[in-house]
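Listed below, chain by chain, are the residues.
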Amino acid sequence: MAHYTGFDETCETSGLLELVINIDKFAPDVREDAVEVRKRLRNPWAHCNFSEWDAAKYSDAFILMEKLVLDMNLSSNEENQTIGKLKKWEINGEQFLSGTTVGLELVNELRQQTCVLGEYARQIATGTDGNFTKINNELEKIQTLLINRIDQLQKDMEEIDKRVMAQDKILENQHTQLADFNTNLNKCACHDSHNVEIELWREQEVMFVETPVVKDILQILESKHSVLIVGEPGIGKSMLMHHIALKLHSTMSYIIIPCSAINDIIKHYQEGIHQMFILDDICGRFTASLSEIEYLQKQEETFNRMLKKGKTKIAATCRLDIYSGENFHVSCTFFTSNIINLSEEYSKENRLTICAKYLTETNIQQLKDKNEVFTPLMCYLYSKNENFNLTDFLHCPYETYQNEWEKLQSIDPYKYCALFLCVLRNGSVNGSLFDIYTENLSSKNFVFQNIFEICGLNRGTSRCKMETVFDSIIGTYVRKKSNEYSVIHDQMFDFMCGYFGNKDTMVRCILHDACIQILNERTQLESINEQRRKFTILIKHKYEPEYFERILNELKLGNLEECSRNPQMNNDSYRASFIEVLKSIDDKFIFEEIHSGTFSKKYNVSYLEFLITSCMRGYYDIVEFYVSKGADLENSADFYTPLTAACEGGNEKIVQLLIDKGCNKNKIDCFGQTPLTAACGRGHEKIVHFLIDKGCDINQADGMGHTPLTAACEEDMRRYASYL
């Protein structure tokens, strides 16, 4: 401050901060920020007190500077430019600090001060006794050591510059993708659909009953940024999560973003805005979704960085059986200990308090007197069917509905047909299905005529009549949002699939006319001979040819991506049958890159994704089939390469196959990984040995500057670091 003469090179940080602090034209919060920056950041740095500069203080410093910029109320353009520079400095600084112990300014200062010290020592030594001569000699040694160290630091800086340039390219690509996301966000109608869903939550709030667990979750979210609510079907996970979201919206002005899939979080994320993402049934509604689990594993660092910034919260629900699976715990690490198990948290008294909203006092007393297991959902469903016996219903709800629907088939076949339509449409029926003026009328009529006949209705039944029927079952079996009829709860949909999946005529109709998601998530081939879930639709041996005929038709329509998501792909015999279907298709439908044609780009993307997914999951037979067709083994499709996928998945046979077929052993994928860093990062020791034996570059840095050695050390795989 003493040397400050104007807004020129003499005007350093301390002078500027002093001006802000002492000029009352600046807002109080800006002046307070300036005091904090000067006290906690500028002074410790300027006074060379480097002992207190650890990673946490470094990160806090940038948060403090960003707060000062935001509080100054600059124009949007100035603010974005300034914060953008801060972010770049922060990232580049992390790269720099990871390779050296001092910065460029300190290097230059050391050089200058060392020369001054040496000169001073020589002057003092002249005309003095031997002690000063000894001191001079020692100082000259120190000077030589320091100069050598500085030269080494300069070389280190050159290497770091190379790494930073490589990272800048990756960051530039990520910024471009983020800009595309924001552009798409502004163009899409998601905002309106979110509001419609949130409005439905508000309508359901009148039936919500607060219990102590609400306070527990709010306390978690005060200091943490994510919470996972698990429990058995019907326990009330979704309604509780929606209540928490609405509460945070009203008290802390969080913007609520309902998500239908995990990637919606990244798609709708906006930095600097208080957002709360709400996701029902994370990693699967009925069966665990391998694709979602793999996505979570790959994007783990991205989610952690989002949450670390402090303005984003994620709340999700998960069925207890999916949560208990081993794969789930590997992927959902960002929830860590922020997990609420409602099946354990809700006491019988809590459940009775909630169910008092639906049941009479007599019913509640019955539940108090009997040792019957019940959930809020079952009590709600009973309240809509009071002709049921309460005890029998709670003890065997599926069997109760089964008997009810058997009667419904003859008493009211229209409602019976409506329930079957819900199954065919995967639990959600759009009102446009009943519109006689929509496109593809002839094919729609043909499907309807078959369904009507199977359900005992006249083939010429009016679709307008069916819309009236759907309106009559709102509240009992379905709810309506906008123009969409959805089954009232996933457990009710389980019951419907279990019921109609036990009838041969219905199963054949499901094979021909149900949406592909039903075949993926709800069916299982009898020939697989594996244990199946209670409400899974079993496809008997005699109907398996019709099943694969449907798969063939879907592949011809370009739906390879959907077909490849089937959980039965984990079974060897299922994949063998699937490969036979692939062999029966003209290659141009799947391998557009290899066989020129006029087909949509989506076929090519699906083909690459399926190949890469097969490498990741260890589907050797699928990979071998694609290799035999001359598949491109180097393309990453904005994803892994086939080789990095196989290395990360730990699939030794596939790695060997790809290397033998000439895969580039050192190629970097779109995540910045080399095959060797991918294997090291996941601890696949045999693959690491194999790649080294095949001549992989053990010193090659990946796109993020990690070498195989640093990747191994970061993942605590030091047991084989010695041969890297």
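Quick notes on the rules
Residues numbered from 1 in each chain as written. Predicted model: local features only at pLDDT ≥ 70, side-chain atom pairs only at ≥ 80, totals over all residues. Heavy atoms only, no water. Helix = DSSP H or I, 4+ residues; strand = E, 2+ residues; numbered from the N terminus. Buried < 20%, exposed > 50% of the residue type's maximum accessible area, 1.4 Å probe, protein only. Contact = heavy atoms within 4.5 Å. Areas by Shrake-Rupley, 256 points an atom, 1.4 Å probe, with all protein chains shown as cover. Pairing = 2+ DSSP bridges. Axes fitted to C-alpha atoms, helices over the stretch in contact; angles between N-to-C directions. Phe/Tyr/Trp six-rings, centres within 6.5 Å; stacked < 30°, edge-to-face > 60°. Lys NZ or Arg CZ within 6 Å of the ring centre and 35° of its normal. Parallel < 35°, antiparallel > 145°, perpendicular 65-115°, else oblique. Salt bridge = Lys/Arg side-chain N within 4 Å of Asp/Glu carboxyl O. pLDDT = per-residue confidence, 0-100.

- If you check an unreviewed UniProt entry, the chain appears there as Novel STAND NTPase 3 domain-containing protein from Mytilus galloprovincialis.

### Examining the overall build of the chain
Then comes step 1: For the chain, the count of helices and strands is 36 helices and 10 strands.
Then comes step 2: A buried classification covers 45% of the 724 residues belonging to the chain.
Then comes step 3: Sequence-distant contacts in the chain: of pairs separated by 6 or more residues, those separated by 24 or more amount to 66%.
Then comes step 4: By element, 50% of the accessible surface of the chain is carried by carbon and sulfur atoms, the whole surface being about 36,800 Å².

### Looking at the sheet that holds strand β4 (residues 312–319)
Two strands in a sheet stick together by hydrogen bonds in their backbones, pointing the same way (parallel) or opposite ways (antiparallel).
Then comes step 1: As summarised here, the arrangement of the five strands in space is β2-β3-β4-β1-β5, forming an open sheet in which the pairing is parallel. For this open sheet the edge positions go to β2 (255–259) and β5 (339–341), each flanked by a neighbour on one side alone. The mean angle between the axes of side-by-side strands here comes to 15°, regardless of whether they run parallel or antiparallel.
Then comes step 2: Sitting on the sheet, helix α8 (residues 212–223) touches β1 (226–231), β3 (275–279), β4 and β5, and the angle it makes with β1 is about 150°.
Then comes step 3: Of the strands in this sheet, β1, β2, β3 and β4 touch helix α9 (residues 237–252), which is tilted by about 170° from β4.

### A closer look at the packing of aromatic side chains
The geometry of an aromatic ring pair is captured by the separation of the ring centres together with the interplanar angle, meaning the angle of the planes.
Then comes step 1: On inspection of all chains with the given rule, the structure shows 28 aromatic pairs.
Then comes step 2: On the numbers, 5.7 Å between centres and 75° between planes, the contact of F393 with Y401 is edge-to-face.
Then comes step 3: Judged by its relative accessible area of 0%, F393 is buried.
Then comes step 4: Taken together, a centroid distance of 6.4 Å and an interplanar angle of 70° make the contact between F434 and Y485 edge-to-face. Of the two residues, F434 is situated in the loop between β6 (428–430) and α22 (441–454) and Y485 in strand β8 (residues 484–487); the sequence distance between them amounts to 51 residues.
Then comes step 5: Of the residues examined, F434 reaches a relative accessible area of 2% and is grouped as buried.
Then comes step 6: Since its relative accessible area comes to 0%, Y485 is described here as buried.
Then comes step 7: It is K465 that lies over the ring of Y414; its NZ or CZ is 4.7 Å from the centre.
Then comes step 8: Here K653 stacks its cationic end above the ring of Y620, 4.3 Å away from the centre of that ring.

### Points about the packing of helix α21 (residues 413–424) against helix α24 (residues 490–500)
Then comes step 1: It is the contact of α21 with α24, at a shortest axis distance of 10 Å, that shows an interaxial angle of 105°. One element, α21, and the other, α24, form an angle in the roughly perpendicular class. Of the residues in α24, those touching α21 at Y416, L419, F420, C422 and V423 are F493, M496, C497, Y499 and F500.

### Some points on the pattern of salt bridges
Then comes step 1: As enumerated under the stated definition, the model contains 28 salt bridges in all.
Then comes step 2: With a shortest N-O distance of 3.5 Å, E232 and R351 are connected by a salt bridge. One end of the pair, E232, is in the loop between β1 and α9; the other, R351, is in helix α16 (residues 348–355), and 119 residues separate them in sequence.
Then comes step 3: With relative accessibility at 9%, the residue R351 sits in the buried group.

### Considering the sheet that holds β6
Then comes step 1: Strands sit in the order β6-β8-β7 across an open sheet of three strands; the sheet is antiparallel. Two strands close off the open sheet at either side, each with one partner strand: β6 and β7 (478–481). Looking at each pair of strands side by side, their axes are set apart by 20° on average, direction ignored.

### What to know about the side chain of Q299
Then comes step 1: In this structure, Q299 sits in the loop between α11 (290–298) and α12 (300–308).
Then comes step 2: Excluding anything up to four places from it in sequence, Q299 contacts I266 and F671.

### Let's talk about the confidence of the model for the chain
The predicted structure's coordinates, where accompanied by low pLDDT, should not be read in detail.
Then comes step 1: The pLDDT averaged across the chain works out to 81; a share of 79% of its residues lies at or above 70.
Then comes step 2: Here residues 96–102 is a poorly scored stretch, pLDDT under 50, and it has 14 contacts once near neighbours within four places are set aside; other chains count.
Then comes step 3: The low-confidence segment residues 441–445, where pLDDT is below 50, has nine contacts with residues more than four positions distant or belonging to other chains.

### Looking at the pairing of β7
Then comes step 1: Note: β7 against β8, four bridges, orientation antiparallel. Paired with R479 across the two strands is S486, which belongs to β8.
Then comes step 2: Where β7 hands over to β8, the hairpin turn is made up of two residues, of which S482 adopts a positive phi near 55°.

### Details of the pairing of β8
Then comes step 1: Here β6 runs beside β8; their pairing, made up of three bridges, is antiparallel. Looking at β8, one finds that V429 is bridged to Y485.

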